[in-house]
Amino acid sequence: MRERVVIKWGGGLITEKDTMKTVRKEVLDTLANQLEACLSEGIDVVLVHGAGSFGHLKAKEFRLAEGRQPASTVPSTMSQDEAVKAVRNDMQELNHFVIEALTKYDVSAVCLPPHLWAHNTGADFQGDLTLFESAPKGIVMVTHGDVVDCDPPEEFGILSGDDLVYRLATELSGVQRLVFAMGGVEGVLTGPPTGDDDASKLIETLHKHDAFKGEHLEQLDVTGGIGLKVERGFQTAAHGISVHLVSGEIDGRVRDACLGDDVRGTTLVP
Ligand code: IP8
């Protein structure tokens, strides 16, 4: 059986997280180039990307992660239903940039946006993952964080790419590794990234009960930040899959981590 890796391109890596709908095209290019290198080595890739400023800002403003809310508690510029549609469209826009970058490196990719096939949020969301299993050889299946329909009373909610990678890595056949490509950090740090090397050192091997203080910018982020990544990462590692968090901005670290080579970053040890 061919080796398979699941990769998450973080939203904070591929977009400017605090500037509405700003894509980092040069970063997408280097990531697509590294992904192509993995395919050339005979590895199958499933790609999940985050939302960054194409998802979190509007979702926060219109309280989409909290489900249906009284109209008087959200801005009057749009209803929550309109905001659901708007964020889905914005995510499709971001996904087009992702597919465009892959195409530039001759990578054929098919995207399955979660609002078309997934229901409910969190690690136990419902959805048919066999669609990802049946990809023809060499075709990269892509999906992303999204607004999905939920059971009442919520009616809708935010399904994070971190929940998607956990389920894909543990339920598809032949997955050896899960790699989180991150922006602004080289992996999990001992404290929030302040620029002060003593306060925020890279943790190269993170054990399940080790303490770390992740930065979670609640005013920007409607999902779980680094805490959710690490939690889903450990759940994945418990299935015998190796899990790495690496910089998506430095050299070919994402490629090397996907190929199973030694690379600077954080490895989770269950
Ligand atoms: O960035 C969030 O996905 P994530 C999706 O992978 C939206 O957590 C629409 C905010």
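Provided above is the structure to which this section pertains.
All values reported here derive from a predicted model rather than from experimental measurement.

The rules behind each value
- Residues numbered from 1 in each chain as written.
- Predicted model: local features only at pLDDT ≥ 70, side-chain atom pairs only at ≥ 80, totals over all residues.
- Heavy atoms only, no water.
- Near = heavy atom within 4 Å.
- Polar contact = N/O pair within 3.5 Å; in protein donor to acceptor, adjacent residues only side chain to side chain.
- Areas by Shrake-Rupley, 256 points an atom, 1.4 Å probe, with all protein chains shown as cover.
- Nonpolar A, V, L, I, M, F, W, Y, C, P; charged D, E, K, R; others polar.
- Salt bridge = Lys/Arg side-chain N within 4 Å of Asp/Glu carboxyl O.
- Helix = DSSP H or I, 4+ residues; strand = E, 2+ residues; numbered from the N terminus.

K.L.:
I'm lost on the site of the ligand in this one. Help?
P.N.:
Taken together, 13 residues form the shell around the ligand, and within it Lys8, His56, Ser160, Gly161 and Thr223 come nearest. In this structure, serine 160 approaches the ligand through a side-chain N or O atom, which is 2.8 Å from an oxygen atom. Glycine 161 has a polar backbone atom sitting 2.8 Å from an oxygen atom of the ligand. Considered on its own, the ligand offers 320 Å² of accessible surface; in the complex 97% of this is hidden by protein. Broken down by class, the residue content of the shell around the ligand amounts to four nonpolar, seven polar and two charged.

K.L.:
Mind showing me how you'd approach the pattern of salt bridges here?
P.N.:
For side chains bearing opposite charge, pairing can occur when the charged atoms are close. In this structure the tally under the stated criterion is 20 salt bridges. Its salt-bridge partner being aspartate 81, residue arginine 68 comes within 3.0 Å of it at the nearest N-O pair. Residue arginine 68 is located in the loop between helix H3 (56-61) and helix H4 (80-104), and its partner aspartate 81 is located in helix H4; the two are separated by 13 residues in the primary sequence. Between glutamate 171 and arginine 167 there is a salt bridge; the shortest N-O distance is 2.6 Å. Taken together, the residues glutamate 171 and arginine 167, both in helix H6 (residues 161-171) and four residues apart, mark about one turn of the helix. What you see here is one network of salt bridges that share partners, running through Lys21, Lys58, Asp90 and Glu93.

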